[in-house]
Amino acid sequence: MSNYYVYGVIRASDDLEFETDAVAGADRIYTVSHRRLAAVVSDIEETEPEQTDEDAQRHDDVLREIMEYGDGRTIVPMRFGMVFENERALKNVLRGARPAFRRTVNDIEGTVELGLKLVREEDADVDREAIEAAVADELEPLAVDSTESDLFSDRLVLNRSYLVESEDREAFDEAIARFEDVHDDLLVQYTGPFAPYSFVDVHIGAQ
Amino acid sequence: MANQRRPDSSSLAEVLDRVLDKGVVIDVWARISVVGIELLTIEARVVVASVDTFLHYAEEISKIEQASAEGDLEELEELKVETRPESSPQSATE
């Protein structure tokens, strides 16, 4: 018997066909709907899939394909490894968490996540607070929301993710370029677009 | 045209940071057994997090829990969290 690997939740629609490779070598990706929400799934044998680089990348590729589908779709991304044992359990969660999913779909509609890491040159002596302020001045007005991540290296000066409306993408690209032009002592790692992983703060448990 | 910097979409490390640590989490018990929806717990923060949107949301959730506990499933379907005005950035005061 097969389990369901879930990539994310979208508004139900009947015209989706997927071309991206599925996690764990499944031969197709499809949707399981409950009313107006649908989970994007593929079949999987194990309930705790191994976290390989390849399968993590495939998970992300599937989300990307949905985001770029037609003139763009909205998906609430799941963390890697959300496997359901049967369709009833999956539909039950779609039903029980429906308000949270619908609210999240509405909140993130038309947005992407962009990542920014600023790394100082080896010998550079930089003013962290001034840089944080300069980045905030340039980027926060163009973002719907932003969130900070760990500074896991002492050369890492800033590590943030931004939720940006599609229509503000170009302005955001320009703001990054402006910032980079005047900060020669910083390496700018600008990444994305990603599904809004960092902005879907939803946790579903069972009592 | 103004100078632009394009984001790099090919970084595996950036993908792993997100796919493995972020995104919606569903506890295993809600995934491997058919839990009645009255037993599901749902914690969610709205994207544009202001104090009042969060409280409002929590309130809706508790209404839903109450409705489901009373077995009013059809009525529950009519409870629309998103019928109120969308939360807006100007309400996002700290």
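Please refer to the structure higher up on the page.
Owing to the predicted nature of the structure, the values given are computational and were not obtained by experimental measurement.

> Can you walk me through the overall build of chain B in this structure?
Tallying secondary structure elements over chain B gives 4 helices and 2 strands in all. Counting helices and strands in the order they occur from the N terminus, chain B gives α-β-α-β-α-α. Long-range pairs, those at least 24 residues apart, make up 53% of the contacts in chain B between residues at least 6 apart in sequence. Counting only carbon and sulfur atoms, one obtains 54% of the accessible surface of chain B, whose full area is about 5,400 Å².

> Teacher, can you tell me more about the nonpolar core here?
One recurring pattern in soluble globular proteins: nonpolar side chains tend to sit buried together. Judged by nonpolar contacts, the single largest core of 48 residues is most densely connected at Tyr-7, Val-40, Leu-116, Leu-118, Val-135, Tyr-162 and Phe-172 of chain A. Per-domain counts for this core show at least three residues from each of domain 1 (3-109) and domain 2 (111-197) of chain A. Tyr-7 of chain A has contacts with Ala-22, Val-23, Ile-29, Val-40, Val-41, Ser-42, His-59, Val-62, Leu-63, Val-76, Pro-77 and Met-78 of chain A, leaving out every residue within four places of it along the chain. Membership of the second largest hydrophobic core comes to 33 residues, among which are Val-6, Val-41 and Val-76 of chain A together with Ile-42 of chain B.

> When you look at helix α3 (residues 98-108) of chain A in this model, what are you seeing that I'm missing?
Residues and elements named next belong to chain A. Where burial is concerned, most of α3 is hidden: 10 out of the 11 residues are buried. Turning to α3, its buried residues number three or more, namely Arg-98, Pro-99, Ala-100, Phe-101, Arg-102, Arg-103, Thr-104, Val-105, Asp-107 and Ile-108. Remark: Gly-110 follows α3 within two positions and exhibits a positive phi of approximately 75 degrees.

> Honestly, the pattern of salt bridges in this entry has me stumped. Any pointers?
For side chains bearing opposite charge, pairing can occur when the charged atoms are close. Within this structure, the stated rule accounts for 14 salt bridges over all chains. A salt bridge links Glu-109 of chain A to Arg-11 of chain A, with the shortest nitrogen-to-oxygen separation between them at 3.2 Å. Placement of the pair is Glu-109 of chain A in the loop between α3 and β6 (111-120) and Arg-11 of chain A in strand β1 (residues 3-11), with a sequence separation of 98 residues. According to the relative accessible area criterion, Arg-11 of chain A is partly exposed, its value standing at 35%. A salt bridge links Arg-18 of chain B to Glu-14 of chain B; the shortest N-O distance between them is 2.8 Å. Separated by 4 residues within a single helix, Arg-18 of chain B and Glu-14 of chain B lie in helix α1 (residues 12-21), roughly one turn from each other. Neither residue differs from the other here; Arg-18 of chain B and Glu-14 of chain B are each classed as buried. Taken together, the shared-partner salt bridges in this structure form one network comprising Glu-113 and Lys-117 of chain A together with Glu-14, Asp-17 and Arg-18 of chain B.

> Any chance you could explain the interface of chain A and chain B here in plain terms?
One widely used convention gives an interface's size as the accessible area the parts lose upon coming together. The interface of chain A with chain B comprises 71 residues on the first partner and 53 residues on the second. Summed over both partners, the interface of chain A with chain B buries about 6,100 Å², with 53% contributed by carbon and sulfur atoms. In terms of surface lost to chain B, no three residues of chain A exceed Arg-79, Arg-103 and His-203 of chain A, which account for 13% of the buried area on that side. At the boundary of chain A with chain B, the tally comes to 5 salt bridges. Of the charged contacts in the structure, one is a salt bridge between Arg-18 of chain B and Glu-113 of chain A, with a shortest N-O distance of 2.5 Å.

> Before we go on, may I ask you to explain the sheet that holds strand β10 (residues 201-206) of chain A in this structure?
The pairing of strands in a sheet comes from backbone hydrogen bonds and takes either a parallel or an antiparallel form. Strands sit in the order β1(B)-β10(A)-β2(B) across an open sheet of 3 strands; the sheet is mixed. Looking along the sheet, the strands with just one partner apiece sit at the ends: β1 (25-26) and β2 (40-45) of chain B. Relative to β2 of chain B, β10 of chain A runs antiparallel, the two sharing 6 bridges. In the sheet register, His-203 of chain A faces β2 of chain B, and the bridge partner there is Glu-43 of chain B.

> What am I meant to see in the packing of helix α1 (residues 53-67) of chain A against α1 of chain B here?
Two measures define how a pair of helices packs: the angle their axes make with one another and the distance between the axes. Between α1 of chain A and α1 of chain B, the shortest axis-to-axis distance is 10 Å and the interhelical angle comes to 80 degrees. Our classification of the angle between α1 of chain A and α1 of chain B gives roughly perpendicular. Along its contact with α1 of chain A, which presents Asp-53, Ala-56, Gln-57, His-59, Asp-60 and Arg-64 of chain A, the element α1 of chain B presents Leu-12, Val-15, Leu-16 and Val-19 of chain B. Here the contact of α1 of chain A with α1 of chain B is built from residues that sort into 5 nonpolar, 2 polar and 3 charged.

> What is the right way to look at unusual backbone geometry in this model?
Negative phi values dominate among residues other than glycine, just as trans dominates among peptide bonds. Residues and elements named next belong to chain A. Across the junction of Gly-192 and Pro-193, the peptide omega takes the value -5 degrees, indicating a cis bond. In the Ramachandran plot, Ala-24 falls in the positive-phi region, its phi being about 60 degrees despite a non-glycine side chain. Residue position: Ala-24 is located in the loop between β1 and β2 (29-34). Given the relative accessible area of 39%, Ala-24 is considered partly exposed.

Reading the values: the criteria
Residues numbered from 1 in each chain as written. Chains lettered and ligands numbered in written order. Predicted model: local features only at pLDDT ≥ 70, side-chain atom pairs only at ≥ 80, totals over all residues. Heavy atoms only, no water. Helix = DSSP H or I, 4+ residues; strand = E, 2+ residues; numbered from the N terminus. Contact = heavy atoms within 4.5 Å. Areas by Shrake-Rupley, 256 points an atom, 1.4 Å probe, with all protein chains shown as cover. Core = buried A, V, L, I, M, F, W, Y, C linked by side-chain atoms within 4.5 Å. Buried < 20%, exposed > 50% of the residue type's maximum accessible area, 1.4 Å probe, protein only. Domains from an automatic or database assignment. Salt bridge = Lys/Arg side-chain N within 4 Å of Asp/Glu carboxyl O. Buried area = accessible area lost by both parts, 1.4 Å probe. Pairing = 2+ DSSP bridges. Axes fitted to C-alpha atoms, helices over the stretch in contact; angles between N-to-C directions. Parallel < 35°, antiparallel > 145°, perpendicular 65-115°, else oblique. Nonpolar A, V, L, I, M, F, W, Y, C, P; charged D, E, K, R; others polar.

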